[in-house]
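An overview of the molecular structure
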Amino acid sequence: DTGVSQDPRHKITKRGQNVTFRCDPISEHNRLYWYRQTLGQGPEFLTYFQNEAQLEKSRLLSDRFSAERPKGSFSTLEIQRTEQGDSAMYLCASSRSNTGELFFGEGSRLTVL
Amino acid sequence: GESVGLHLPTLSVQEGDNSIINCAYSNSASDYFIWYKQESGKGPQFIIDIRSNMDKRQGQRVTVLLNKTVKHLSLQIAATQPGDSAVYFCAENANDYKLSFGAGTTVTVRA
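Predicted model only: the values in this text are computed from it and were never measured. (Residues numbered from 1 in each chain as written. Chains lettered and ligands numbered in written order. Predicted model: local features only at pLDDT ≥ 70, side-chain atom pairs only at ≥ 80, totals over all residues. Heavy atoms only, no water.)

Let's shift gears to the overall build of chain B. Counting its secondary structure elements, chain B contains zero helices and 11 strands. Moving toward the C terminus, one meets the helices and strands of chain B in the order β-β-β-β-β-β-β-β-β-β-β. Overall, the C-alpha framework of chain B stretches about 40 × 25 × 20 Å when taken along its three principal axes. Sorting the 111 residues of chain B into buried and exposed places 42% on the buried side. Put simply, of all contacts in chain B between residues at least 6 apart along the chain, 53% involve residues at least 24 apart. Averaging the positions of the 10 positive and the 10 negative side-chain charges in chain B gives two centres separated by 2 Å. (Helix = DSSP H or I, 4+ residues; strand = E, 2+ residues; numbered from the N terminus. Buried < 20%, exposed > 50% of the residue type's maximum accessible area, 1.4 Å probe, protein only. Contact = heavy atoms within 4.5 Å. Lys, Arg positive; Asp, Glu negative; His and termini not counted. Charge placed at Lys NZ, Arg CZ, Asp CG, Glu CD.)

Listed below in structure tokens is the structure:
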């Protein structure tokens, strides 16, 4: 499978714990995006990278959230001191620069108890 | 703020009929629009896209119409099948392909 891969697919954690999600984009794609989706809503933009450079962070991304793409390939999204409001599906997408279409992974579903 | 939105949250359609899903957008600077389909527990899947210099684009069983005058986008699905049951999102690009999504329309196909 050469699509966008996300791991883990599901994560249940207790409030206050840290969690990390990983995304492996399509290999020739230099752009990588993180979105968050809550039940019944469309995906909301969090942040994106071109190669290893983080181009923008949404105001939705509090200082408890950090994303990296150290070698311009895979990316990680870490949430520190999780809160119940962080419960959501975290979607990763990749694309070639300036082509428009984003290819999404299956998402990582986070449940904070 | 400016946003993308869909007119109706749900649509029920008889198998074999045509479906029309509508979307209104408010950002006149948007130059690219895209429709995604999302099945339960899965990530969004590309259906079709259209740039602002076009008003119609056709794919396999799907057509997207863009009316920039009234800032309206629609997705038409011909001969709707049970496998078309899903949530459909329109999204727009106003800046560097950070897509902004609407809330979605849930399509249910009746046998």
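Let us keep going from here.
As a further point, take the side chain of S95(A). Relative to the elements of secondary structure, S95(A) occurs in strand β9 (residues 88-95). Setting aside chain neighbours within four positions, we find S95(A) in contact with H29(A), N30(A), R31(A), Y33(A), E101(A) and L102(A).

Attention now goes to the pattern of salt bridges. Taken as a whole and judged by the stated rule, the model has 10 salt bridges over all chains. One salt bridge connects D96(B) with R31(A), and the closest N-O pair in it is separated by 3.0 Å. With one member in each of two chains, D96(B) in the loop between β9 (86-93) and β10 (99-101) and R31(A) in strand β4 (residues 31-37) form a pair that bridges those chains. On the basis of relative accessible area, D96(B) is assigned to the partly exposed category, the value being 26%. (Salt bridge = Lys/Arg side-chain N within 4 Å of Asp/Glu carboxyl O.)

Moving on: the interface of chain B and chain A. The interface of chain B with chain A comprises 18 residues on the first partner and 22 residues on the second. When chain B packs against chain A, close to 1,600 Å² is buried across both sides, 51% of that on carbon and sulfur atoms. Of all residues in chain B, the largest losses of buried area upon contact with chain A belong to D96(B), Y97(B) and K98(B), amounting jointly to 33% of the total for that side. On inspection of chain B and its partner chain A, the count reaches two salt bridges. (Buried area = accessible area lost by both parts, 1.4 Å probe.)

With that settled, consider the packing of aromatic side chains. The tally for this structure, following the rule as stated, stands at 14 aromatic pairs over all chains. Between F45(A) and Y48(A), the ring centres sit 5.6 Å apart and the planes meet at 70°, which makes this aromatic pair edge-to-face. We classify Y48(A) as buried; its relative accessible area is 3%. What links up through ring pairs into an aromatic cluster is the set Y33(A), Y35(A), F45(A), Y48(A), F104(A), Y36(B), F89(B) and F101(B). The cationic tip of R22(A) hangs over the ring face of F74(A); the distance from NZ or CZ to the ring centre is 3.9 Å. (Phe/Tyr/Trp six-rings, centres within 6.5 Å; stacked < 30°, edge-to-face > 60°. Lys NZ or Arg CZ within 6 Å of the ring centre and 35° of its normal.)

Residue and element names in this part refer to chain A. Pairing is antiparallel in the open sheet, where four strands are placed in the order β1-β3-β8-β7. The open sheet terminates on both sides in strands that have one partner only, identified here as β1 (5-7) and β7 (65-68). On average, each strand axis in the sheet is inclined to that of its neighbour by 15°, with strand direction left out of account. (Pairing = 2+ DSSP bridges. Axes fitted to C-alpha atoms, helices over the stretch in contact; angles between N-to-C directions.)

The pLDDT averaged across chain B works out to 91; a share of 94% of its residues lies at or above 70. Averaged over each element, pLDDT in chain B is lowest for strand β1 (residues 4-6) of chain B (60) and highest for strand β6 (residues 56-58) of chain B (98). (pLDDT = per-residue confidence, 0-100.)

Now for the state of the cysteines. All names here are of chain A. Inspection of the entire model under this criterion finds two disulfides over all chains. Bridging C23 to C92, the disulfide has an S-S length of 1.9 Å. Taking the torsion about the S-S bond as the criterion, the C23 to C92 disulfide, at about -70°, is left-handed. Remark: C92 occurs in strand β9 and C23 occurs in strand β3 (residues 19-24); sequence separation between them is 69 residues. For the residue pair C23 and C92, the accessibility class agrees, reading buried in each case. (Disulfide = S-S within 2.5 Å.)

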